[in-house]
Amino acid sequence: MSEITIDGKVCKARAGLTIAEVAKANGIYIPTLCNYRGLKPVGSCRVCTVRVGGRYMAACTQIAVEGMVVENTAPDLEDMRRSILEMLFVEGNHMCPTCEKSGNCELQALAYRYQIMAPRFPFQFPVRQVDASAPKIVLEHNRCIQCQRCVRSIQTEDGRRIFVPQNRSRRRKIGVDPRLVSELTDEMALKAMDVCPVGSILRKEVGFAVPIGQRKFDKKPIGTEIDEEITR
Amino acid sequence: MAQEKDIILRHPKDPSALLDIIRDVQDHFGHVPEEAVARVAAHLKLSEAEVRGAVTFYHFFSLTPRGASTVYLNDSITSRMKGRTAVAKAFEEEAGCRFGEVTADGLIGLFSTSCIGMSDQEPSAIINGVVFTRLTPLKVKHLVKAIKTGKPVRDMVTAWGDGANQSDLVRSMVSNNIRKKGPVIFGPFESGSAIKNAVARKPEDIIAEVKKSKLLGRGGAGFPTGLKWEFCRKEKSDMRYVLCNADEGEPGTFKDRVILTEMPQLLFEGMAVAGYAIGAREGLLYLRSEYAYLRNHLEAVLEGMRRENLLGNNIAGSGDFSFDITIALGAGAYVCGEESALLESAEGRRGEPRNRPPFPVQTGYRNRPTTVNNVETLCTAAKIILHGAAWFQSMGTARSSGTKLFSVSGDCERPGVYELEFGLTVQELLDIVGAKDAYAVQVGGPSGTCLSRQDFRRRFAFEDLSTGGSVMIFGPWRNMFEIVANFMDFFIEESCGWCTPCRVGNTLLKGKLEKIMAGRGSAQDLRDLEAWGKNIRALSRCGLGQTSPNPILSTLQNFRELYEEAIDRHKEFVPDFDLGEASLEAARLTHRQPIMGETSHE
Amino acid sequence: MSKPVIATASLAGCFGCHMSILDIDERILKLIELVEFNKSPIDDIKTFTKPVDLGIIEGGCCNSENVEVLRSFRKNCRILVSLGECAIMGGLPAMRNGIPVKECLEEAYLNSLSVAPEDKIIPNDEELPIVLDKVYPCHEVVKVDYFLPGCPPSADIIWEALTAIVEGRPLNLTYDMIKFD
Ligand SMILES: Cc1cc2nc3c(=O)[nH]c(=O)nc-3n(C[C@H](O)[C@H](O)[C@H](O)COP(=O)(O)O)c2cc1C
Ligand code: SF4
Ligand code: SF4
Ligand code: SF4
């Protein structure tokens with residue numbers, strides 16, 4: 001057991017836990033997007049960035065070390081996080097009104113929580129194709145945020161990956177293995193859709209199942225379960 | 001496709017062989033065909049998506065044909081300064097296709113590539129692995145003609161460069177351009193002396209000597225080498241590795257190329273010394289594929305060392321020290337120079353940086369403790385073991401001992417490699433290289449800083465101007481915005497795309513810069529550039545993203561007046577939108593007058 | 001003091017946002033007490049007749065006329081508000097942004113099944129606005145002061161924003177007001 005402080009609050013930290021895990025265990029919300037319970041953190045979205053002794057680090061990958069003084073809600077830090085969310089919005093094509101995930105989408109939910117009315121960046125309007133070739137799922141590349149949750153969670157029994165990043169730089173995209181994806185079970189297809197934080201992996205033939213008003217983030221901001229007190 | 005099968009089957013059924021297999025397939029077919037993807041996947045028990053993921057990460061691998069002769073023309077700023085535009089035009093005209101394309105007959109493919117480490121002899125290109133330097137439109141004309149007649153590309157090199165470039169195993173037109181030899185890297189060196197000296201002492205003493213010398217890493221980050229070795233040695237493990245980082249991808253640097261050409265044995269002895277110090281039995285040289293033309297030469301040196309028992313078992317009669325070195329090739333990715341990405345690539349995967357901690361000294365190559373060191377660092381360490389820490393510390397400054405290799409390029413009379421003691425000023429270096437009217441000096445490559453005249457008094461040393469040695473000089477007639485834009489394009493292209501700020505942010509920064517360059521900038525745009533750049537610096541996951549806004553941030557600081565002149569200072573907001581441009585296409589299609597001379601109503 | 005003046009326009013939008021303005025139910029009576037409407041499809045005033053305090057824009061810019069209207073709003077309105085997804089990010093019309101203009105025009109006027117064979121012509125009358133290369137969010141064309149997201153924005157966020165801006169106090173937006181759908 002060690003101790004760190006997050007915005008002045010003393011937090012007990014079990015050895016080997018990340019800052020994000022310590023925060024959660026202590027009832028402090030640090031926003032995350034690419035992180036997912038049970039999956040090895042990759043630190044790709046950078047939304048969980050915190051400041052420790054003037055240095056910036058991703059709370060999801062950084063192990064808490066005795067005596068760390070962590071800043072989490074400093075206004076400039078929160079604005080940096082907001083800027084990341086805005087980058088993700090302008091990078092793809094997010095037409096929320098037409099999106100099956102709307103209301104259940106973690107990117108959108110974070111935008112609500114951070115009260116993003118319009119991004120500071122110009123929209124990129126990239127040209128991306130929708131891939132509907134697999135029998136059970138549709139890949140809507142326009143909405144992918146490169147969180148790698150699908151990459152990490154969906155594998156064959158012998159450990160081969162079905163979702164794999166292709167290309168690099170801004171051309172990077174998630175590719176699927178055409179053969180293996182056609183062998184996806186219903187269960188795995190559903191899991192892929194659930195694990196995707198946005199509307200990028202969709203189970204064919206379902207969607208818009210939950211009526212507006214009852215969706216995950218219709219009533220309460222994302223993270224409410226962790227910090228009951230939203231002071232915004 | 002029996003042939004292809006052989007290419008694949010001769011490799012071990014080990015996923016770490018993935019890049020080697022892909023390279024063989026690429027070399028053989030000029031690309032990685034569909035069938036090969038499936039067979040490679042089956043051979044290594046990977047998914048096809050994993051194989052494609054690796055192919056598409058690296059610039060020199062391709063799923064589609066790149067032409068029987070593939071031209072990779074360097075697109076760095078030094079290349080542009082020396083006439084790349086005309087050379088590129090000549091390639092397009094002679095070949096009959098545009099850059100990014102392959103001719104209809106499949107004979108020639110034209111592609112741009114990031115700096116290939118020839119900044120002192122631009123414009124340069126790699127054609128089927130053969131390096132061509134100092135290209136002119138006329139030379140290009142002859143080259144393409146010869147390619148069309150079916151002449152092997154190798155045979156088109158008629159004049160060799162100097163030194164080992166002339167040797168049978170290299171036969172390259174590349175020149176070393178060693179302008180100033182210093183005592184450490186280019187001083188006298190007797191074969192075997194460093195290794196023999198080292199194995200006569202205890203490993204701990206070697207580490208102590210290197211620590212005492214205060215040697216700091218020459219790859220850019222300046223981490224104390226002795227400390228790194230000590231950390232590595234102290235990690236409990238059955239195996240440890242020495243990795244030499246010869247990825248040298250920072251535009252404007254080429255000094256490792258010259259070491260690899262002229263002093264390879266010094267380097268390999270440095271690796272062996274490091275291996276002895278940390279308790280490793282294996283070393284790996286990660287060689288950027290742009291330098292693959294040196295591979296046979298390097299292999300021959302290794303073979304010679306094995307013959308002399310400077311590598312292998314029971315080295316130099318040490319009794320129990322065994323060490324050998326293998327060469328791993330990159331495939332075109334600057335980010336692979338980042339040490340953890342280097343490990344990923346060396347293990348046969350996409351060269352994406354790892355999250356740290358753990359650091360390579362804890363969990364590195366094949367999950368074992370690993371020291372990753374720059375070429376020059378290892379050479380320097382070998383010399384320190386030979387001549388002692390005191391000798392080394394007698395050179396340089398208090399905190400920056402020894403000498404440094406500088407790769408000097410751009411607007412100067414004598415571009416090339418200079419070995420100079422730490423502590424000299426920028427102005428002193430400019431005088432040595434013959435840069436009379438330098439206007440700006442880029443130190444440390446695009447990821448470094450851009451200095452204006454008032455900073456020419458600053459010193460090259462870790463306590464002031466820390467650098468991996470790239471020095472690019474720009475005369476007053478150069479357009480600074482074009483330079484900055486070229487650097488940003490470099491980072492945009494070379495980002496691995498893993499994390500948001502680097503993948504997305506750099507494109508946004510570049511867009512802002514273009515807006516200003518188009519004369520549509522306002523005071524707000526300058527504030528945005530600065531704020532966005534600082535965010536990218538703070539939020540990015542690895543050193544690439546953390547330094548990628550530097551071209552903009554450092555010119556905003558040191559050449560502020562250029563930006564101020566380029567914007568409309570009286571306006572708080574100027575849109576990037578231009579009605580004339582936006583309506584041009586539809587007007588053309590409907591044969592109507594485009595909307596011209598519009599003014600914003602702001 | 002005279003009543004604040006409001007103007008509205010629908011550019012490349014579906015009029016849904018305007019419907020949402022009318023959706024404030026009985027509060028519209030209060031609104032009319034509070035403010036005066038100038039140029040707007042709601043009262044059918046076609047040109048600006050006086051300086052306007054608050055301009056409300058629905059829809060993005062898909063053609064040259066949209067740009068002209070938007071600019072005239074910027075010129076005549078002290079405060080400009082982008083109302084709804086289309087104004088803020090192009091919205092549904094912007095789904096054409098990845099498609100070259102040529103293909104769009106050909107699909108609409110030449111190849112579409114609903115085009116009669118004798119009508120196969122891309123309109124090119126000088127009177128017509130020129131289509132832009134893509135649909136632009138309003139704030140990429142002129143400076144916009146406030147953004148009210150939603151497709152359409154809820155009557156509540158519109159009411160809160162209108163009253164706050166007119167009264168010159170900061171907006172107090174609750175969680176359920178900000179929605180992108
Ligand atoms: C994007 C990026 C590229 C790099 N490229 C190189 C390189 O080409 N050569 C090199 O020696 N170090 C490079 N480095 C630095 C290495 O990560 C590492 O610090 C260095 O190899 C350590 O060696 P040294 O301590 O001997 O300098 C790079 C770092 C980053 C972030
Ligand atoms: S993925 Fe989320 S943010 Fe993107 S369009 Fe769908 S709901 Fe909106
Ligand atoms: S498809 Fe979904 S889960 Fe996979 S990387 Fe993209 S956003 Fe993440
Ligand atoms: S900073 Fe850039 S290069 Fe580094 S991990 Fe992020 S995307 Fe990749």
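Visitor: Please clarify how the overall build of chain B should be interpreted in this entry.
Guide: The helix and strand tally for chain B stands at 24 helices and 17 strands. Its C-alpha atoms give chain B a radius of gyration of 25 Å, within 12% of the compact-globule value 25 Å for 602 residues. Taking the principal axes of the C-alpha coordinates as reference, chain B spans close to 85 × 65 × 45 Å. Counting across all 602 residues of chain B, residues that qualify as buried make up 63%. Long-range contacts, defined here as pairs at least 24 residues apart, represent 70% of the contacts in chain B between residues at least 6 apart. Carbon and sulfur atoms make up 50% of the accessible area of chain B, which amounts to about 22,100 Å² in all. With 73 positive and 76 negative side-chain charges, chain B shows a separation of 2 Å between the mean positions of the two kinds.

Visitor: Can you walk me through the interface of chain C and chain B in this structure?
Guide: Taken together, the contacts link 25 residues of chain C with 19 residues of chain B. When chain C packs against chain B, the two sides together hide about 1,900 Å² of surface, and 66% of this comes from carbon and sulfur. Scanning the region where chain C abuts chain B turns up one salt bridge. C:Glu126 is the partner of B:Arg592 in a salt bridge, and the nearest nitrogen-oxygen pair spans 3.8 Å. On the surface where chain C and chain B come into contact, there are four residue pairs in polar contact (both at pLDDT 80 or more). Sorting the residues of the side of chain C that touches chain B by element identifies α3 (64-76), α5 (101-111) and β6 (131-136) of chain C as the ones contributing at least two each. Counting residues per element, the side of chain C that touches chain B draws most heavily on α3(C), at five residues. Grouping the constituent residues of the side of chain C that touches chain B by class yields 13 nonpolar, three polar and nine charged.

Visitor: What is the right way to look at the site of ligand 4 in this model?
Guide: Near ligand 4 you find B:Val335, B:Ser495, B:Cys496, B:Gly497, B:Trp498, B:Cys499, B:Cys502, B:Ser540, B:Arg541, B:Cys542, B:Leu544 and B:Gly545, and these make up its full shell. Taken together, the residues of the shell around ligand 4 break down into seven nonpolar, four polar and one charged.

Visitor: Looking at this structure, how should I read the side chain of C:His18?
Guide: One can find C:His18 in helix α1 (residues 16-22). Accessibility expressed as a relative area gives 3% for C:His18, which makes it buried.

Visitor: Would you explain the state of the cysteines in this entry?
Guide: Where two cysteines share a covalent bond between their sulfur atoms, that bond is called a disulfide. Residue and element names in this part refer to chain A. In the structure shown here, the tally under the stated rule is zero disulfides over all chains. Here Cys60 is not disulfide-linked; the sulfur of Cys48 is the nearest cysteine sulfur, at 3.9 Å. Overall, Cys60 belongs to the buried group, its relative accessible area being 2%.

Visitor: Before we go on, may I ask you to explain a nonpolar patch on the surface in this structure?
Guide: Together, C:Phe15, C:Met19, C:Leu22 and C:Ile42 make up a nonpolar patch on the protein surface, roughly 360 Å² of accessible area in all. Looking at the secondary structure, you find C:Leu22 in helix α1.

Visitor: Teacher, can you tell me more about the packing of helix α24 (residues 579-589) of chain B against α5(C) here?
Guide: Helix packing geometry: the angle between the two helix axes and the distance between the axes. Their axes nearest at 10 Å, the elements α24(B) and α5(C) cross at an angle of 45°. By the angle class used here, α24(B) and α5(C) are oblique. Handedness of the crossing formed by α24(B) with α5(C): right-handed. Across the interface between the two elements, B:Glu585, B:Ala586 and B:Leu589 from α24(B) touch C:Val101, C:Lys102 and C:Leu105 from α5(C).

Visitor: What is the right way to look at the sheet that holds strand β7 (residues 241-246) of chain B in this model?
Guide: The strands making up a sheet are joined through hydrogen bonds of the backbone, oriented either antiparallel or parallel. Residue and element names in this part refer to chain B. The four strands are arranged β9-β8-β7-β10 in an open sheet whose pairing can be described as parallel. The outermost strands of the open sheet, each flanked by one partner alone, are β9 (324-329) and β10 (370-374). This sheet shows a mean twist of 20° between the axes of neighbouring strands, independent of strand direction. With six bridges joining them, β7 and strand β8 (residues 282-287) adopt parallel strand pairing. Pairing of Asn245 across the sheet is with Tyr286, part of β8. Along the sheet, helix α12 (residues 264-278) contacts β7, β8, β9 and β10; its crossing angle with β7, the most-contacted strand, is approximately 150°.

Visitor: How should I be thinking about unusual backbone geometry in this particular structure?
Guide: A negative phi angle is the norm for most residues apart from glycine, just as the trans form is the norm for most peptide bonds. A cis geometry characterises the amide bond from B:Glu122 onward to B:Pro123, with omega recorded as -10°. Of note, B:Pro123 is situated in the loop between β3 (108-113) and β4 (125-127). In this structure, C:Pro152 follows C:Cys151 across a cis peptide bond, with omega equal to -5°. Of note, C:Pro152 is situated in the loop between β7 (146-148) and α6 (155-167). A positive phi angle, close to 50°, is found at A:Asp7, a residue other than glycine. Structurally, A:Asp7 can be placed in the loop between β1 (2-6) and β2 (9-13). We classify A:Asp7 as partly exposed; its relative accessible area is 37%. Backbone geometry places C:Asp25, a non-glycine residue, at a positive phi of 55°. Examined against the element boundaries, C:Asp25 turns out to sit in the loop between α1 and α2 (27-34).

Visitor: Can you walk me through helix α2 (residues 75-91) of chain A in this structure?
Guide: Two residues of an α-helix separated by three or four positions point the same way, owing to the 3.6 residues in each turn. Compared with an ideal rise of 1.5 Å per residue, which puts 17 residues at 24 Å, α2(A) spans 24 Å between its outermost C-alpha atoms and is within 8% of the ideal. Of all 17 residues in α2(A), 13 are buried, a share of seventy percent or more.

Visitor: What exactly am I supposed to notice about the sheet that holds strand β12 (residues 416-421) of chain B here?
Guide: Residues and elements named next belong to chain B. Read from one edge to the other, the open sheet built from six strands follows the order β6-β12-β11-β15-β13-β14, with strand pairing classed as mixed. Strands with a single pairing partner mark the edges of an open sheet, and in this sheet they are β6 (178-180) and β14 (449-452). With direction set aside, neighbouring strand axes in the sheet form an average angle of 30°. Bridge analysis of strand β13 (residues 440-443) against strand β15 (residues 470-474) gives four bridges, and the strand direction is antiparallel. What sits directly across from Gln442, in β15, is Met472. Strands β6, β11 (403-410) and β12 of the sheet are contacted by helix α11 (residues 255-262), whose axis makes an angle of about 115° with β11.

Visitor: Sorry if this is basic, but what is going on with the pattern of salt bridges here?
Guide: Any two side chains of opposite charge can pair, on the condition that their charged atoms come close. Counted under the stated rule, the structure contains 77 salt bridges over all chains. In this structure, the salt-bridge partner of C:Asp181 is A:Arg215, at a minimum N-O distance of 2.8 Å. With one member in each of two chains, C:Asp181 in the segment after α6 and A:Arg215 in the segment after β10 (201-203) form a pair that bridges those chains. Between B:Lys436 and B:Glu413 there is a salt bridge, with the nearest N and O atoms lying 2.6 Å from each other. Here B:Lys436, found in the loop between α17 (426-433) and β13, pairs with B:Glu413, found in the loop between β11 and β12; they are 23 residues apart in sequence, far enough to count as distant. Under the relative-accessibility criterion, B:Lys436 is labelled exposed at 72%. Given the relative accessible area of 47%, B:Glu413 is considered partly exposed.

Visitor: What should I look at first to understand the confidence of the model for chain C in this one?
Guide: Regions with low pLDDT should not have their predicted coordinates read in detail. Residues at a pLDDT of 70 or more form 99% of chain C, whose mean pLDDT is 94. On the interface metric, ipTM, the complex scores 0.96, and its pTM is 0.97.

Visitor: It is not clear to me how the packing of aromatic side chains should be interpreted in this structure. Could you clarify?
Guide: Each aromatic ring pair is characterised by the separation of its centres together with the angle its planes make. For the coordinates displayed, the defined rule picks out 22 aromatic pairs over all chains. Consider the rings of B:Phe91 and B:Phe99, whose centres lie 6.5 Å apart with planes at 90°: the pair is edge-to-face. Like B:Phe99, B:Phe91 is buried. Seen from the ring of B:Phe99, B:Arg84 lies directly overhead, with NZ or CZ sitting 5.6 Å from the centre. Its end group placed over the ring of C:Tyr175, C:Lys179 keeps NZ or CZ at 4.3 Å from the ring centre.

Visitor: What exactly am I supposed to notice about the nonpolar core here?
Guide: Of all hydrophobic cores here, the largest spans 171 residues; its most connected members are A:Leu33, A:Leu107, A:Phe163, B:Ile552, B:Tyr563, C:Leu70 and C:Phe73. Looking at which element gives the most residues to this core, the answer is α2(A), with eight residues. Apart from residues no more than four positions distant in its own chain, B:Ile552 is found in contact with B:Val484, B:Met488, B:Leu509, B:Leu513, B:Leu529 and B:Tyr563. If you look at the next biggest cluster of nonpolar residues, it comprises 70 residues, including B:Phe186, B:Leu294, B:Val361 and B:Met395.

Visitor: Looking at this structure, I do not really get the interface of chain B and chain A. What am I missing?
Guide: Where interface size is given, it is often the accessible area lost as the parts come together that is meant. Between chain B and chain A, the contact holds 41 residues from the first and 42 residues from the second. Both sides of the chain B and chain A interface together cover about 3,300 Å² of buried area, and 53% of this is carbon and sulfur. Sorting the residues of chain B by area buried against chain A places B:Trp498, B:Arg503 and B:Leu539 first, and these three jointly supply 19% of that buried surface. Linking B:Glu493 and A:Arg168 is a salt bridge whose minimum nitrogen-to-oxygen distance equals 3.4 Å. Scanning the region where chain B abuts chain A turns up 26 residue pairs in polar contact (both at pLDDT 80 or more). Looking at the side of chain B that touches chain A, the elements with two or more residues in it are α4 (48-57), α18 (480-494), α19 (500-517) and α20 (523-539) of chain B. For the side of chain B that touches chain A, the residue count by class is 17 nonpolar, 13 polar and eleven charged.

About the criteria used
Residues numbered from 1 in each chain as written. Chains lettered and ligands numbered in written order. Predicted model: local features only at pLDDT ≥ 70, side-chain atom pairs only at ≥ 80, totals over all residues. Heavy atoms only, no water. Helix = DSSP H or I, 4+ residues; strand = E, 2+ residues; numbered from the N terminus. Rg over C-alpha atoms; globule rule 2.2 N^0.38 Å. Buried < 20%, exposed > 50% of the residue type's maximum accessible area, 1.4 Å probe, protein only. Contact = heavy atoms within 4.5 Å. Areas by Shrake-Rupley, 256 points an atom, 1.4 Å probe, with all protein chains shown as cover. Lys, Arg positive; Asp, Glu negative; His and termini not counted. Charge placed at Lys NZ, Arg CZ, Asp CG, Glu CD. Buried area = accessible area lost by both parts, 1.4 Å probe. Salt bridge = Lys/Arg side-chain N within 4 Å of Asp/Glu carboxyl O. Polar contact = N/O pair within 3.5 Å; in protein donor to acceptor, adjacent residues only side chain to side chain. Nonpolar A, V, L, I, M, F, W, Y, C, P; charged D, E, K, R; others polar. Near = heavy atom within 4 Å. Disulfide = S-S within 2.5 Å. Patch = residues over 30% accessible without salt bridge, like charges linked within 9 Å, V, L, I, M, F, W, Y side chains within 5 Å. Axes fitted to C-alpha atoms, helices over the stretch in contact; angles between N-to-C directions. Parallel < 35°, antiparallel > 145°, perpendicular 65-115°, else oblique. Left-handed = near helix turned anticlockwise from the far one by under 90°. Pairing = 2+ DSSP bridges. Expected span 1.5 Å × (residues − 1). pLDDT = per-residue confidence, 0-100. Phe/Tyr/Trp six-rings, centres within 6.5 Å; stacked < 30°, edge-to-face > 60°. Lys NZ or Arg CZ within 6 Å of the ring centre and 35° of its normal. Core = buried A, V, L, I, M, F, W, Y, C linked by side-chain atoms within 4.5 Å.

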